[in-house]
Amino acid sequence: MQAAPLLNDLVLVGGGHTHVHVLKSFGMKPMPGVRLTLIGRDIETPYSGMIPGFVAGHYTFDECHIDLARLCAWAGARLIHDEAIGIDLAGRQVLLKQGPAVSYDLLSIDVGSAPNLETIPGASQWATPVKPIADLGRHWPAFLERMKSWLGPLNIAVIGGGAGGVELALAIDHRLREVAKGAQVQVTLATKDEILTGQAAAARRKMRAIFRRRGLRLLERAATVRIERGAVQLESGEWLQADAVFVVTEASAVKWFATTGLPLDESGFIAVGDTLRSTGDERVFAVGDCATALKHRRPKAGVFAVRQGPPLARNLRRIVRGKAPQPFVPQTRYLSIIGTGDGRAVATRSWWAIEGAWVWRWKDYIDRKWMRLYRELRPPP
């Protein structure tokens, strides 16, 4: 039988949460005449919701990472292990750091966000950024190995009071008390605002109580103005001793977006319409943290990237078939479950918050169920 002619090169840049769903969708239901290509800086992509659990010691590296090479092979997609550094819109090519440019007929971008260390002097030299999350996943085991032989006071500073910073501080505290047996561990979380801004007041109250109970130091309305070797300076002038500093402040857009000619939002993220398509190029889509839906702005959180998977896959198929893409409106209210590192968690939505070990088991079930979709691959039909 003669193979279907190649009609469309569909290229996915980045192995984020949304793109792994697209790969699974096209693997389960291939489109004749479509060649699917994934360009990925990392072959193993982390599931952000499980990384604090990995830091706390509840998951292995493999349990919270998706093997993109295996997923692409299963889906019949071409995998290019390289990093995108630009786009030639006129020539319809993705520019790569090492290899030759890759041509596309239809392009989707899901590369997450970049660490924003420039606003804090010394951060790029003396702190560990939490994004890209894949880098943290690789560096954390080596850090733990060094901490096993640490003797005496061990001061850890976490900068950033969003859900990610809170989860990371509690996870680090839990794990270091297990691993660094000879150390006197003190974890401090410093944030320029209150913790969990935008979440329910009940969630903030519960989390403050957990910090007090666990012995973590919480400094709210305490912006960081400088990081030096072994110390963090706050806006008040106070200096914190810090043997290690982790920065979990709001990340920034990837710098090469500014060179593409695509319309960007005020923070440099790719501007998209309600179909997830670029507002300036019909052949380019963008999803996850790297994009901003101008009519439906939402926090840059993994829950929204996961929800964008089905509408993106559907719209890519519609474009290939010559049909108009359909709009997607993300939910305005969503459940947030914040692990506390010790086998417990806080769930919050709207005005309420609850805490308990059963909440962690609930979160663990949800996360493992999502991972099984992309790890337990049956032969495509």
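Residues numbered from 1 in each chain as written. Predicted model: local features only at pLDDT ≥ 70, side-chain atom pairs only at ≥ 80, totals over all residues. Heavy atoms only, no water.

(A) Just the overall build of the protein chain, in detail. Within the protein chain one finds 10 helices and 23 strands. By the compact-globule yardstick of 21 Å for 381 residues, the protein chain fits well, its C-alpha radius of gyration being 22 Å. Counting only C-alpha atoms, the protein chain reaches 70 × 40 × 40 Å along its principal axes. With 381 residues in all, the protein chain has 53% of them scored as buried. Across the protein chain, the fraction of contacts at a sequence separation of at least 24, relative to all contacts at a separation of at least 6, is 65%. Accessible area of the protein chain: about 17600 Å², with a carbon and sulfur share of 51%. In the protein chain, 50 positive and 36 negative side-chain charges are present, and the distance between their average locations comes to 7 Å. (Helix = DSSP H or I, 4+ residues; strand = E, 2+ residues; numbered from the N terminus. Rg over C-alpha atoms; globule rule 2.2 N^0.38 Å. Buried < 20%, exposed > 50% of the residue type's maximum accessible area, 1.4 Å probe, protein only. Contact = heavy atoms within 4.5 Å. Areas by Shrake-Rupley, 256 points an atom, 1.4 Å probe, with all protein chains shown as cover. Lys, Arg positive; Asp, Glu negative; His and termini not counted. Charge placed at Lys NZ, Arg CZ, Asp CG, Glu CD.)

(B) Quick peek at the packing of helix α5 (residues 133-147) against helix α6 (residues 163-179). Put simply, α5 and α6 touch, their axes get as near as 10 Å, and they point 35° apart. For the pair α5 and α6, the sense of crossing is right-handed. For the pair α5 and α6, contact is made by L136, W140, F143, L144 and M147 and by L168, I172, R175, L176 and V179, respectively. Partitioning the contact of α5 with α6 into residue classes produces nine nonpolar, no polar and one charged. (Axes fitted to C-alpha atoms, helices over the stretch in contact; angles between N-to-C directions. Left-handed = near helix turned anticlockwise from the far one by under 90°. Nonpolar A, V, L, I, M, F, W, Y, C, P; charged D, E, K, R; others polar.)

(C) Main features of the packing of α6 against helix α7 (residues 201-214). At a closest axis distance of 12 Å, the pairing of α6 and α7 adopts a crossing angle of 20°. What the angle tells us is that α6 and α7 run roughly parallel. With respect to the hand of their crossing, α6 and α7 are arranged in left-handed fashion. Seen from α6, the contacting residues are V166, A169, L170, D173, H174 and R177; seen from α7, they are M207, I210, F211 and R214. In terms of residue class, the contact of α6 with α7 is built from six nonpolar, one polar and three charged. (Parallel < 35°, antiparallel > 145°, perpendicular 65-115°, else oblique.)

(D) Summary view of α5. Over its 15 residues, α5 runs 21 Å from end to end, which matches the ideal 21 Å to within 8%, given 1.5 Å per residue. Residue H139 marks the point of greatest curvature in α5, where the axis turns by about 30°; the proline P141 follows within four residues. I133, A134, D135, L136, G137, W140, F143, L144 and M147 are the residues of α5 that are buried. Lining the buried residues of α5 we find β3 (44-46), α2 (51-56), β11 (152-159), α6 and β17 (244-247). (Expected span 1.5 Å × (residues − 1). Bend = angle between axes of the 7 residues up to and from the residue.)

(E) Seen up close, empty space enclosed by the protein. If you walk through the whole model with that rule in mind, you get one cavity of 30 Å³ or more. Here the largest cavity defines a volume of roughly 40 Å³. In this structure, the largest cavity is lined by P52, G53, H58, E167, A171, G339, T340, G341 and W360. Put simply, the parts of the chain that give the lining of the largest cavity at least two residues each are α2 and α6. Here the residues of the lining of the largest cavity are counted per class, giving three nonpolar, five polar and one charged. (1 Å grid on protein atoms, 1.4 Å probe; cavity = no way out; pocket = protein on both sides within 12 Å on 5 of 7 lines; lining within 4 Å. Points joined across faces, edges and corners; volume = space filled by probe spheres on them.)

(F) A look at the pattern of salt bridges. Applying the stated rule across the entire model yields 22 salt bridges. Here K363 makes a salt bridge to D367, at a shortest N to O gap of 3.1 Å. Separated by four residues within a single helix, K363 and D367 lie in helix α10 (residues 357-375), roughly one turn from each other. Residues K363 and D367 agree in their burial class; the two are buried. In the salt-bridge network here, residues are joined through shared partners; they are R41, D42, D135 and R138. (Salt bridge = Lys/Arg side-chain N within 4 Å of Asp/Glu carboxyl O.)

(G) Quick look at the environment of V187. Position of V187 among the secondary structure elements: in strand β12 (residues 183-190). In the structure, V187 is positioned 18 residues away from A169 in sequence and 6.8 Å away in space, judged by C-alpha atoms. Ignoring any residue separated from it by four or fewer positions in sequence, one finds V187 in contact with I156, V158, A169, I172, D173, L216 and R217.

(H) Just the sheet that holds strand β21 (residues 336-339), in detail. Reading across from one edge, β21-β22-β23 is the order of the three strands in this open sheet, with antiparallel pairing throughout. The two strands at the open ends of the sheet, each matched to only one other strand, are β21 and β23 (352-356). Put simply, the sheet's adjacent strands are angled 20° from each other on average, direction ignored. Pairing of strand β22 (residues 345-349) with β23 involves five bridges; the strand directions are antiparallel. If you follow A347 over to β23, its bridge partner there is I354. Sitting on the sheet, α10 is in contact with β21, β22 and β23, with an inclination near 95° to β23. (Pairing = 2+ DSSP bridges.)

(I) Fine view of the packing of aromatic side chains. This model, assessed by the stated rule, comprises nine aromatic pairs. Ring centres of Y59 and W360 lie 6.1 Å apart, and the angle between their planes is 35°; on these two criteria the pair is classed as tilted. With a gap of 301 residues between them, Y59 in the loop between α2 and β4 (65-67) and W360 in helix α10 connect regions that are remote in the sequence. Of the two residues examined, Y59 and W360, each falls in the buried class. Taken together, the ring pairs in this structure connect Y47, W370 and Y374 into an aromatic cluster. Just above the ring of Y374 sits the side chain of K24; from NZ or CZ to the centre is 5.6 Å. We note R317 situated over the ring of F26; from NZ or CZ to the ring centre the distance is 4.2 Å. (Phe/Tyr/Trp six-rings, centres within 6.5 Å; stacked < 30°, edge-to-face > 60°. Lys NZ or Arg CZ within 6 Å of the ring centre and 35° of its normal.)

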